[in-house]
Amino acid sequence: MKVIVVGCGRLGSSLANELARRGNIVTVVDTDPAAFQRLAPGTTCRTVEGVGFDRDVLENAGIAAVDAVVATTGSDDANALIGRIGRSRYRVPQVIARLHDPRQAHLYRSLGVHPVSTIAWGTERICELLSFQPLEAVLTMGDSDVELLRVAAHTLLVGTPVSALTVAGEIQVVSIERGAQAFIPISGTTVHDQDILCFAVMSASKPRLRSMLGQE
Amino acid sequence: MNVLVVGGGQVGGHVAQLLLTSGCQVTVIETRPAVLARVRRDVPGAATVVGNGTDFTLLEAAGAATADVVCAVTGIDETNLAIAAIAKFGFGVGRVLARVNNPRNRWLFETDLGVDVAVNQAELMAQLVVQGIELT
């Protein structure tokens, strides 16, 4: 894949290094040539010095023939603008723009650009970690050999098939509460946002369940 | 006519003054409080709002939804384009004017970014200078 990364700050350089490591053809644009020092030693990334919404700079970076443009400069105005130019002027198939101030999401939507908000994402992730609850049994059977656990589905689980949360003889999803209803899942059932899952689990397998749920 | 002027520096202040003289209702938005204080002093007829002109909530509070015209005249081109896009696509403002600071950015000031009229200051000034030379 050919990718232009505009902005070689912490996010831009990290992204460019990772994309290049995975074998993509990467061009990095920044107004400050010193920023290119953040790229990995011996990097395969091509660098272009200049303003990320300047026509000559974009065309020199090869925008007419790339698969994706990612705008990661420090300015929301510039990122939204670069995203819009990529989409409407050069028909770039994939355009992603970093959003700093979540209040500026309206701007990105006005321009039809999909924002990636590192602040909103980080906030949500930290809240998830802070609201972590240990797995508590609602019912135990035998000498606590088998426990019944009720767990709110983590957002990272959304879309996961229930079969992927099943380990024969150890872990089994016995019911799902979704909205006002509850049902017993079948093989093709997937997890939805805000589902409450009820697991039957062998006590010894609780750590395994915890890691499957992303609680580690 | 109801006009929102974003950017309260020398250009914005002067635009506001001229619009008031021609009978418009004018609101000036400016991020720098000290600059806005000068607008309040020099253009007492204009309403003023401190804040970021690309902030949707602030534009809404300043009356963007009922504005007939929005003038984006800050000294930063990407900001003027962002303001134009929000005004046009977010609020459906009928007429959006934007100031071009750097003539290299002129190609962006088009309707796909929400701009109805681009005011290219360097180009205007250059033409006037050339005309002035020819007259003498």
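These numbers come from a predicted model, not from an experiment.

S.K.: Describe the pairing of strand β7 (residues 137–141) of chain A, with residues and values.
M.R.: All names here are of chain A. Two elements, β7 and strand β8 (residues 146–152), share four bridges in a ladder whose sense is antiparallel. Among the inter-strand pairings, T140 is bridged to a residue of β8, identified as E147. Hairpin connection, β7 to β8: the antiparallel pair is bridged by four residues, and G142 has positive phi, about 65°.

S.K.: Outline the pattern of salt bridges, listing residues and values.
M.R.: Residues and elements named next belong to chain A. Scanning the entire structure with this criterion turns up 14 salt bridges over all chains. Salt-bridge contacts for R103 lead to D101; the nearest nitrogen and oxygen are separated by 3.0 Å. A salt bridge links R178 to D195, with the nearest nitrogen and oxygen atoms 2.8 Å apart. With R178 in strand β9 (residues 171–178) and D195 in the loop between β10 (181–183) and β11 (196–202), this residue pair connects regions lying 17 residues apart in the sequence. The class for R178 is partly exposed, based on a relative accessible area of 25%. Several salt bridges converge on common partners, so that one network encompasses E18, R21 and R22.

S.K.: Describe the nonpolar core, listing the residues and the values that go with them.
M.R.: Membership of the largest hydrophobic core comes to 55 residues, with the highest contact counts inside it found for A:I4, A:I63, A:I85, B:L4, B:V70 and B:L108. Contacts of A:I85, omitting those with residues within four sequence positions, involve A:F53, A:L58, A:Y90, B:W107 and B:L108. One finds A:V162, A:V167, A:V173 and A:L213 within the second-largest nonpolar core, a separate group that totals 17 residues.

S.K.: Now, about the environment of A:G62: what can you tell me, with residues and values included?
M.R.: With respect to the secondary-structure elements, A:G62 resides in the loop between α2 (55–60) and β4 (68–71). Distance in space between the C-alpha atoms of A:G62 and A:V138 is 59 Å, their sequence separation being 76 residues.

S.K.: Describe in detail the confidence of the model for chain A, supporting the description with residues and values.
M.R.: For chain A, the mean per-residue pLDDT works out to 89, and 96% of the residues sit at or above 70. When pLDDT is averaged over each helix and strand of chain A, the minimum, 77, is found for helix α5 (residues 118–130) of chain A and the maximum, 98, for strand β2 (residues 25–30) of chain A.

S.K.: Hey, could you go over the state of the cysteines for me, with residue numbers and the actual values?
M.R.: Between two cysteines, a covalent bond joining their sulfur atoms is known as a disulfide. Residue and element names in this part refer to chain A. A full pass over the atoms with the stated rule returns zero disulfides over all chains. Of the cysteine sulfurs around C8, a residue in no disulfide, the closest is that of C45, at 7.8 Å. Overall, C8 belongs to the buried group, its relative accessible area being 0%.

S.K.: Summarise the sheet that holds strand β3 (residues 46–49) of chain A; cite the residues concerned and give the values.
M.R.: Residue and element names in this part refer to chain A. Here six strands make up an open sheet; going across it, the order is β3-β2-β1-β4-β5-β6 and the pairing parallel. Edge strands, defined here as strands with exactly one partner in the open sheet, are β3 and β6 (114–117). Each strand of the sheet is rotated relative to its neighbour by a mean of 20°, with strand direction disregarded. Here strand β1 (residues 2–6) pairs with β2 via five bridges, running parallel. The partner of V3 across the bridge, within β2, is V26. Along the sheet, helix α1 (residues 10–21) makes contact with β1, β2, β4 and β5 (94–99), crossing β1 at roughly 165°.

So, how was this worked out
- Residues numbered from 1 in each chain as written.
- Chains lettered and ligands numbered in written order.
- Predicted model: local features only at pLDDT ≥ 70, side-chain atom pairs only at ≥ 80, totals over all residues.
- Heavy atoms only, no water.
- Pairing = 2+ DSSP bridges.
- Helix = DSSP H or I, 4+ residues; strand = E, 2+ residues; numbered from the N terminus.
- Salt bridge = Lys/Arg side-chain N within 4 Å of Asp/Glu carboxyl O.
- Buried < 20%, exposed > 50% of the residue type's maximum accessible area, 1.4 Å probe, protein only.
- Core = buried A, V, L, I, M, F, W, Y, C linked by side-chain atoms within 4.5 Å.
- Contact = heavy atoms within 4.5 Å.
- pLDDT = per-residue confidence, 0-100.
- Disulfide = S-S within 2.5 Å.
- Axes fitted to C-alpha atoms, helices over the stretch in contact; angles between N-to-C directions.

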